Amino acid sequence: MEWSDGFNKVKIKVAKKLIIDLFIKHKLSKNHSKICAEALINAELVGAPSHGFGRISSYCNRIRKKVINPKPNIKIKKISPSIASIDADNAIGFIGANLAINLAIKNAKKTGIGLVSVKNSGHYGLSGYYANKAARKGLIALCFTNAPPAIAPYGAKKSLFGTNPICFAAPTGTNIPFILDTSISKINRGKIRRAEKLGKKIPFGVALDKNGNPTNNPKKALEGLQLPIGEFRGSGLAWMVDILSGVLTGSNHGGKVKDPFDDFSGPQNIGHLFFLFKPTLFVKNYTKRIKENIKRIKKLPKLKGIKKIYYPGENKAERLKKNLKKEINIPYNILREINLLNKS
């Protein structure tokens, strides 16, 4: 490992082994530990460290506090050849989500549609990580998951909805799928957590303190409210995701999802919903049409200073390709957290 400007440069293989060993130490199986490590490393490599190594301590703390089950008895209920529900038995979120997306892919490949719900789960990382798996199998995907209170419903002054991401993926006929993965807040909560951990400020205009005043202090933002995109539209989208991933799946909803960092009073019981289908259900020439669609948009006249029009997913794919050839930059204090967890 090489020290550089507040970061440790760690080889990908070394980082993966470090995380696998850490989760095994916390009683996860080797297979489950590998699933967690791959998702966390992917987040770092695509340029989303807010969902990467900085969250590891929270997962381990929740296992130690017995609100994440390291040895879950996961149950799958088959509802039809296309539809299933999963009870993740309070497993770490990556496990139920990984099982669900793989099952949804299998069902969609067979029947044209795969719909899988998950309850009694936890934070599962990046939604785009799972949607990408489906798109690379030639499927269109919609992925939803709810989160702890961070945003007030429009007109209210108390937070209740999570930053509840919306994720859509589609194959493009190339090796880079279209993947729109966005929280309904102006900034995702993981970025605020990371800023607090690294002693950095957040932009003004993305959060309010507990008194309703604009703040660039991440600690005050976490104690207050985050602002949704598009005002009442963002609030409405957060509510939609709460219904789809919370109400519909049998999971916590309506502000009942517990904060993974601060609330150890019980499991989070987060819900996930994965809806996959073949893009050729309605047209047989989907690939030709999606290529035409993207080409037409990319050829539009560009604003000054813009060299290329990207479709959602291209930037992350380019970062992933570049970063696979590099070492991972892990902030020193986050690597210190991981090392202390391994030693304790």
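My aim in this report is to walk through the structure given alongside it, one point at a time. (Residues numbered from 1 in each chain as written. Predicted model: local features only at pLDDT ≥ 70, side-chain atom pairs only at ≥ 80, totals over all residues. Heavy atoms only, no water.)

Now for the sheet that holds strand E7 (residues 166-170). What the seven strands build is an open sheet, ordered E3-E4-E5-E11-E6-E7-E8; its pairing is mixed. Either end of the sheet is taken by a strand with one partner, and the two such strands are strand E3 (75-78) and strand E8 (178-182). On average, each strand axis in the sheet is tilted by 10° relative to the strand beside it, whichever way the strands run. The pairing of strand E6 (residues 140-145) with strand E11 (residues 270-277) spans six bridges and is classified as antiparallel. Within E11, the position partnered with Thr145 by the bridge is His272. Along the sheet, helix H4 (residues 93-111) contacts E3, strand E4 (83-87), strand E5 (113-121) and E11; its crossing angle with E5, the most-contacted strand, is approximately 165°. (Pairing = 2+ DSSP bridges. Helix = DSSP H or I, 4+ residues; strand = E, 2+ residues; numbered from the N terminus. Axes fitted to C-alpha atoms, helices over the stretch in contact; angles between N-to-C directions. Contact = heavy atoms within 4.5 Å.)

The next subject is the packing of helix H1 (residues 12-25) against helix H3 (residues 56-64). The interhelical angle for the contact between H1 and H3, taken along N-to-C directions, is 15°, at an axis separation of 10 Å. The pairing of H1 with H3 is recorded here as roughly parallel in orientation. The chirality of how H1 crosses H3 is right-handed. Note on element contacts: H3 touches H1 through Ile56, Tyr59 and Cys60, opposite Ile19, Leu22 and Phe23. (Parallel < 35°, antiparallel > 145°, perpendicular 65-115°, else oblique. Left-handed = near helix turned anticlockwise from the far one by under 90°.)

A word on the nonpolar core. Core analysis: the largest hydrophobic core is formed by 62 residues, its most contacted members being Phe23, Phe53, Ile92, Phe94, Phe274 and Leu276. Among the elements that take part in this core, H4 stands out by supplying nine residues, more than any other. Excluding anything up to four places from it in sequence, Leu276 contacts Ile101, Ala104, Ile105, Ala108, Gly112, Ile113, Gly114, Ala134, Leu139, Ile140 and Ala141. Core analysis: the next-biggest nonpolar cluster, separate from the first, contains nine residues, Ile166, Ile184, Val241 and Leu273 among them. (Core = buried A, V, L, I, M, F, W, Y, C linked by side-chain atoms within 4.5 Å. Buried < 20%, exposed > 50% of the residue type's maximum accessible area, 1.4 Å probe, protein only.)

Take a nonpolar patch on the surface next. Taken together, Ile113, Leu281 and Phe282 make up a surface patch of nonpolar side chains, about 320 Å² in accessible area. Tracing the backbone shows Phe282 in the loop between E11 and helix H9 (286-298). Phe282 sits in the exposed class, given a relative accessible area of 74%. (Patch = residues over 30% accessible without salt bridge, like charges linked within 9 Å, V, L, I, M, F, W, Y side chains within 5 Å. Areas by Shrake-Rupley, 256 points an atom, 1.4 Å probe, with all protein chains shown as cover. Salt bridge = Lys/Arg side-chain N within 4 Å of Asp/Glu carboxyl O.)

Attention shifts here to the state of the cysteines. Evaluation of the coordinates by the stated rule reveals zero disulfides. For the unlinked cysteine Cys143, the closest cysteine sulfur is that of Cys167, found at 4.8 Å. (Disulfide = S-S within 2.5 Å.)

A few words now on the side chain of Thr145. Topologically, Thr145 is positioned in strand E6. A relative accessible area of 6% means that Thr145 is categorised as buried. At 3.2 Å, the side chain of Thr145 forms a polar contact with the backbone oxygen of Gly271. A distance of 2.9 Å separates the side chain of Thr145 from the side chain of His272, its partner in a polar contact. (Polar contact = N/O pair within 3.5 Å; in protein donor to acceptor, adjacent residues only side chain to side chain.)

Contact geometry for H4 and helix H5 (residues 127-135): axes closest at 10 Å, N-to-C directions at 20°. One element, H4, and the other, H5, form an angle in the roughly parallel class. Note that H4 runs across H5; the crossing there is right-handed. Every residue of H5 that contacts H4 at Phe94, Ala97, Asn98, Ile101 and Ile105 is listed here: Tyr130, Lys133 and Ala134. Here the contact of H4 with H5 is composed, by residue class, of six nonpolar, one polar and one charged. (Nonpolar A, V, L, I, M, F, W, Y, C, P; charged D, E, K, R; others polar.)

Topologically, Pro148 is positioned in the loop between E6 and E7. Look at Pro148 and you get buried, because its relative accessible area is 12%. Taking the C-alpha atoms as reference, Pro148 lies 9.8 Å from Arg189; in sequence the two are 41 residues apart. In this view, Pro148 contacts Phe161, Gly162, Thr163, Val257, Lys258, Asp259, Pro260 and Gln268; residues no more than four positions away in its chain are not counted.

Further remarks concern the packing of aromatic side chains. The relation between two aromatic rings is expressed through the spacing of the ring centres and the mutual angle of the planes. Taken as a whole, this structure holds 10 aromatic pairs when the rule is applied. Seen from their ring centres, Tyr124 and Tyr130 are 4.8 Å apart, and the 40° between their planes marks the pair as tilted. With respect to class, Tyr124 is no different from Tyr130; both count as buried. Both rings, one in Phe275 and one in Phe277, keep their centres 5.5 Å apart while their planes meet at 45°; by these two values the pair is tilted. Ring pairs connect the aromatic residues Tyr124, Tyr129, Tyr130 and Phe274, which therefore count as one cluster. Of note, Lys65 hangs over the ring of Phe264, and the distance from its end group to the ring centre comes to 5.7 Å. It is Lys298 that lies over the ring of Tyr310; its NZ or CZ is 5.8 Å from the centre. (Phe/Tyr/Trp six-rings, centres within 6.5 Å; stacked < 30°, edge-to-face > 60°. Lys NZ or Arg CZ within 6 Å of the ring centre and 35° of its normal.)

None of this, on its own, says anything about what the molecule does.
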